[in-house]
Amino acid sequence: MRAVLLLTLILPLSLAQAQGLQARPGPLAVPAVAAPPFAQVIEREVPALMKEARIPGAAVGLIAGGKLVYAKGFGFADHAGKVPVTPDTVFSAASLSKPVASWVAMRLAEQGRVQLDKPVADMLSPWPLAQSQFDHRLITIRRLLSHTAGTTLGGYQGWLDFKELPSLEESLAGKTNGRGAVELFAPVGAKLQYSGGGYTLMQLAIERTTKRKYSDLARELVFRPLGMKHSSVAMTPEVLAVAAQGHGDDGAPVPMRYYVEQAPSTLTTNVRDFARWMIAGMTNTAGAHPLSQAQLAQLYTPAELSTPRAPDAPAYGLGHFIERLGDGSTAVGHDGRNQAGFRAYFLMRPQSGDGIVFFSNSRSGVALDRIVCLWGADVAKVDAATTCKK
């Protein structure tokens, strides 16, 4: 579970620029309604977890009743520890790119520009993956979104130099800075195997079919309709110049990394923007809703498999992990972590209109997963001491 609360601080522009960061103008962090009691848990737990895990900065957002009711920043966004995190601080969100990618695909399908159940091989000629014993013509966008296409390569290493970025075709073929090529290792639809490589294959299929850059499609189909003015999947030096700076597992500064694999990897966003997206994915909430309830239901339904699923196996829909909380309610979400030094996580209950999200500028931000667990126990009204053991 994730929650994000950011204090809006007015910084001298010269200070922000001196640290390679630019303060973004935005409204004061005054919630539309009173912050719920769980905000006190965030205030107590987040600073302690950050100190213990040496997490320089984090932002947490809490949604209740379909509204962002709490948003606050903790710690610092930069390596030097001089630029405070606010609700408007932009973070690299790593694999939170995948649920956004599911929206891009659904909107394109609605417009008739792609078909979720059409063979991806019909969209890609020549076929960019190595031949295998399994039938690649059964791979569809729906299978790629649900990690059931039988493709490999969970995550990416990234590149230190933006100019070194390979093409998507080169990435699929193995130019991944040590992570290898994307391959077909199992029959399509037989098992759930988390595959960022599958999302890269989907990105290439979308770009080939629409003849558009994926980053432009994400902006036009998702970010712009929702007013997400500070969100992007372009991940250029210009975008990252105003974002938080990453740190490693030990809390030490690490250089930024760049990724050409945008559908699985490159979302940059902040608490306010991402909360807009979360709220748009809920039922009976105010504001823009680019996807219908029928489309959202597809995202939140576990993918079908041709083989039995183990009772304790994770469930995944289209771009979303799906889980049952202690009271039996359904929650959907995703986590993200990358070599550039970031950890992010969101979880929400679409039917009840509540959720939590956090971003952190350290790989050790995984310690903040506890906040998400505590939130889940709180909304499900189950014992947190039992559910969220340290």
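Just so we're clear, the structure is a prediction, and the values are computed from it rather than from any experiment.

Glancing now at the overall build of the chain. A count of helical and extended segments in the chain gives 13 helices and nine strands. Its C-alpha radius of gyration of 20 Å places the chain within 12% of the 21 Å reference for a compact globule of 390 residues. For the C-alpha atoms alone, the extent of the chain along its principal axes is close to 55 × 50 × 40 Å. Residue burial in the chain is summarised as follows: out of 390 residues, 57% are buried. Restricting the contact set of the chain to residue pairs at least 6 apart, pairs at least 24 apart contribute 71%. Here the chain has roughly 15600 Å² of accessible surface; of this, 53% comes from carbon and sulfur atoms. For the chain, the centre of its 39 positive side-chain charges and the centre of its 31 negative side-chain charges are spaced 3 Å apart.

For the pair helix α3 (residues 97-110) and helix α6 (residues 196-210), interaxial distance at closest approach is 12 Å and the crossing angle is 30°. Considered as vectors, α3 and α6 are oriented roughly parallel to each other. Judged by the sense of rotation from one axis to the other, the crossing of α3 with α6 is left-handed. For the pair α3 and α6, the contacting residues are Lys98, Ala101, Ala105 and Leu108 in the first and Gly196, Tyr199, Met202, Ile206 and Thr210 in the second. The class makeup of the residues in the contact of α3 with α6 is six nonpolar, two polar and one charged.

A word on the environment of Ser231. Note that Ser231 resides in the loop between α7 (214-223) and α8 (237-240). As for Ser231 and Thr268, which are separated by 37 residues in sequence, their C-alpha atoms are 5.5 Å apart. A distance of 2.7 Å separates polar atoms of two side chains, one belonging to Ser231 and the other to Thr269.

Reading the values: the criteria
- Residues numbered from 1 in each chain as written.
- Predicted model: local features only at pLDDT ≥ 70, side-chain atom pairs only at ≥ 80, totals over all residues.
- Heavy atoms only, no water.
- Helix = DSSP H or I, 4+ residues; strand = E, 2+ residues; numbered from the N terminus.
- Rg over C-alpha atoms; globule rule 2.2 N^0.38 Å.
- Buried < 20%, exposed > 50% of the residue type's maximum accessible area, 1.4 Å probe, protein only.
- Contact = heavy atoms within 4.5 Å.
- Areas by Shrake-Rupley, 256 points an atom, 1.4 Å probe, with all protein chains shown as cover.
- Lys, Arg positive; Asp, Glu negative; His and termini not counted.
- Charge placed at Lys NZ, Arg CZ, Asp CG, Glu CD.
- Axes fitted to C-alpha atoms, helices over the stretch in contact; angles between N-to-C directions.
- Parallel < 35°, antiparallel > 145°, perpendicular 65-115°, else oblique.
- Left-handed = near helix turned anticlockwise from the far one by under 90°.
- Nonpolar A, V, L, I, M, F, W, Y, C, P; charged D, E, K, R; others polar.
- Polar contact = N/O pair within 3.5 Å; in protein donor to acceptor, adjacent residues only side chain to side chain.

In short, shape yes, function no, at least from these values alone.
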